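Residue-level structural notes
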Amino acid sequence: MHREGSPWQGVWTVMAKETADHLTGARMTILEVLMFLASAGAIYAALSSVKSGGQDPFVFLTLFTTAKAPIPSFVGFLGFLTPLVAIALGFDAVNGEFNRRTLSRILAQPIYRDGLLLGKYLAGLVTLSIVMTAIWLLVAGLGLMFLGVPPSGEEVARAVVFLAATIGYGGVWLGIAMVFSVVFRQPATAALASIATWLFFTLFWGIVASLVAQALSPSPGSLQGVLAQAGMEQNLSRISPNTLWSEVVVGMLHPAVRSLGLVLPVQLYRAVLGSPLPFSESLALIWPQLTGLVAGVILLFTLAYVLFQRQEVRA
Amino acid sequence: MDPVIETHKLTKRYGPKTAVDGLDLTLEKGEVFGLLGPNGSGKTTTILMILGLTEPTSGKVRVLGVDPARRPLQVKTRVGYLPDQVGFYDDMTARENLSYTARLNRIPSAEAADRIISAMHRIGLSDEVVDQQVGTFSHGMRQRLGLAELLVKEPEVVILDEPTLGLDPEAAHQFLRLIRGLKDDGITILLASHLLHQVQAVCDRVGLFRNGKMFLEGPVRDLAHEILGGGFVIHLESDDLQLAPQLEGLEHAVRVTSEHAGHYRMEARADLRQQVARLVLDRGSKLLSMHLDEPSLDEVYASYFEEVPDAS
């Protein structure tokens, strides 16, 4: 059935209101403090181990990836803080409106349900982008001050792709949180379900992928068998947004990385090991992962929309 | 002229349960229509279908000549809706809440600001309250704020779902007066409620609704005649215990019942107080008290559903 009227009507109004809510809310203050402490810790760890004036042409990128026990690297911090921030921004998006009894009043205004959902999603994404960009700039700025080495154009390009991928990674978790906010009427349940999903992908998905690969793949008696099993395990693990994101990080922030899969010695014949790939090659290497993250966002949004559309408005 | 709201054989099923069953409803411009029925009779479902928030299983709805399922934005621009137990964003002020709705309705912000002020005055919320967070508001104030939202929107049709639920009698009365004021602006009003005695005073026409079906429709007084067989109920107290057959013999009398000895309840098609008094006195009995009830919907309702066995 064809429907009339723009699906965009009201989207920007909702987005502006929700973004304002996010940015002024107490929840945001907590997350900002958390993110700030994490990045300050990470940058301290990185600066105390990175030696400036060394041979590494990509010393600026090592700011993001260097860890010093017990403090994880900036990337390590982002790996678990990004989903947390995204979940915090999305878990009560729809059920919160139900519980405040505002949903039927808002939907009685001239706006489509997908407009409301999209407005809320974009507001979350804008907020996430603001937070991530601020922290990224903070780390880059501190690095610039203490290292005293300006980043090269290529380093900037790599760092920007890294930032974009991190926002996309957050976008996936925002989508998951919003799906749960449609499914569960209680925000607490939705938050718990989102965090459970995150734990599942962080801790257990690797184990599940390896078990499934062992069960499905032919017995690894031959080299082909071993390769097939490893390939399947890797592909399975890529269902997790965490894997996709960390592969992007590896590909972008370690220019010497040439492959994200298994590499046979024969493939390395006459390769100059340790020499960095050009930016375009690294980008080509992680392009499927970036596409995967964007596809995940679209799929999750569609799922949330379909579920929301089928839901009754009455409380 | 085309009716403002028109439904034809409107039906909504949830699985095996039929919430609304072949409803035919017509609202003319400028009238106040009361959709009355017990809780769970399908009133809210009907409203949601009229607004295009729920798709009908079958049947037809037209609001201002537009199909709300296909062109919901047009319908929702021109129709205002006050849900039961309306909610607002608690951490925003009354003004912020109303201007958010105004923006969703694409009302220019300067005009919206004016409309918000005049709407708040009209519903009797003072200027200090406008900039208070809605979280501090009482239920009655929220309900009035919901009405202010409708005034800001300036719709052609207003749909109110249980507007007086949870209000004390005085507040409910005031609220209904405000609703009646909307009619003077030429707005067509659909009012759904189960609180018959409160609502009947403001309605031009009512429809009695039960199990998804509309059993009766018409002005309150006509319904009283149709159902009670007469619009007049006389309560009588006398020391004469054999009065019932005599009273039934009177012209225009319909039915006489006696709950305790000496207490009679008489239904009639005319005001028979004069004749009743004469009859009692002529028999040499004492007339201890006599009282005429205005026909009330509560009675219509009670009496009607006494006669119609519960379908479920």
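Computed from a prediction, not measured in an experiment: that's the story for all the values here.

Overview of the overall build of chain A
Helix and strand counts for chain A come out as twelve helices and zero strands. Each helix (α) and strand (β) of chain A, taken in turn from the N terminus, gives the series α-α-α-α-α-α-α-α-α-α-α-α. In terms of overall dimensions, chain A is globule-like: its C-alpha atoms have a radius of gyration of 22 Å, near the 20 Å expected for 315 residues. Considering only C-alpha atoms, chain A reaches an extent of 65 × 55 × 35 Å along its principal axes. Among the 315 residues that make up chain A, the fraction classed as buried is 39%. Here the analysis covers contacts within chain A between residues at least 6 apart in sequence; of these, 79% occur between residues at least 24 apart.

With respect to the nonpolar core
By size, the foremost hydrophobic cluster in this structure holds 144 residues, and its most contacted members are L51, I159, I189 and L191 of chain B. Sorting elements by how many residues they give to this core places helix α8 (residues 153-183) of chain A first, with 16 residues. Look past the residues within four positions of I159 of chain B in its chain and what remains in contact with it is I47, I50, L51, V79, Y81 and L190 of chain B.

Remarks on the packing of helix α4 (residues 74-90) of chain A against helix α7 (residues 113-147) of chain A
Residues and elements named next belong to chain A. The N-to-C vectors of α4 and α7 enclose an angle of 155°; their axes lie 10 Å apart at closest approach. It follows that α4 is roughly antiparallel to α7 by the angle criterion. Relative to α7, α4 is oriented so that their crossing is right-handed. The segment α4 lies against α7, with F74, V85, A86, L89 and G90 engaging G124, T127, L128, V131 and V139. Residues that form the contact of α4 with α7 fall into these classes: seven nonpolar, three polar and no charged.

Let's talk about the sheet that holds strand β9 (residues 213-218) of chain B
All names here are of chain B. Read from one edge to the other, the open sheet built from six strands follows the order β5-β6-β7-β3-β8-β9, with strand pairing classed as mixed. Taken across any chain shown, the strands that pair with only one partner, and hence form the sheet edges, are β5 (79-82) and β9. Neighbour-to-neighbour, the strand axes of this sheet turn through a mean angle of 15°, independent of strand direction. Strands β5 and β6 (157-161) of the sheet are contacted by helix α6 (residues 139-153), whose axis makes an angle of about 175° with β5. The strands that helix α7 (residues 169-184) touches are β3 (32-36), β6 and β7 (188-193); relative to β7, the one it contacts most, it runs at about 155°.

Topic: the pairing of strand β2 (residues 17-27) of chain B
Residue and element names in this part refer to chain B. Bridge count between strand β1 (residues 5-14) and β2: seven bridges; the pairing is antiparallel. Across the sheet, K12 pairs through a bridge with V20, a residue of β2. Count of turn residues in the β1/β2 antiparallel hairpin: two residues, of which G15 carries a positive phi of about 60°.

Considering the interface of chain B and chain A
Note: interface size is frequently given as the accessible area lost on complex formation between the parts. Counting residues at the interface gives 24 residues for chain B and 21 residues for chain A. Its residues placed into classes, the side of chain B that touches chain A shows eleven nonpolar, eight polar and five charged.

Here we look at the domain arrangement of chain B
When its domains are assigned, chain B resolves into domain 1 (5-224) and domain 2 (232-294). One C-alpha centre belongs to domain 1 of chain B, the other to domain 2 of chain B; they are set 43 Å apart.

About the cut-offs
Residues numbered from 1 in each chain as written. Chains lettered and ligands numbered in written order. Predicted model: local features only at pLDDT ≥ 70, side-chain atom pairs only at ≥ 80, totals over all residues. Helix = DSSP H or I, 4+ residues; strand = E, 2+ residues; numbered from the N terminus. Rg over C-alpha atoms; globule rule 2.2 N^0.38 Å. Buried ≥ 20, exposed ≤ 12 C-beta atoms within 10 Å, placed from the backbone. Contact = placed C-beta atoms within 7 Å. Core = buried A, V, L, I, M, F, W, Y, C linked by C-beta atoms within 7 Å. Axes fitted to C-alpha atoms, helices over the stretch in contact; angles between N-to-C directions. Parallel < 35°, antiparallel > 145°, perpendicular 65-115°, else oblique. Left-handed = near helix turned anticlockwise from the far one by under 90°. Nonpolar A, V, L, I, M, F, W, Y, C, P; charged D, E, K, R; others polar. Pairing = 2+ DSSP bridges. Domains from an automatic or database assignment.

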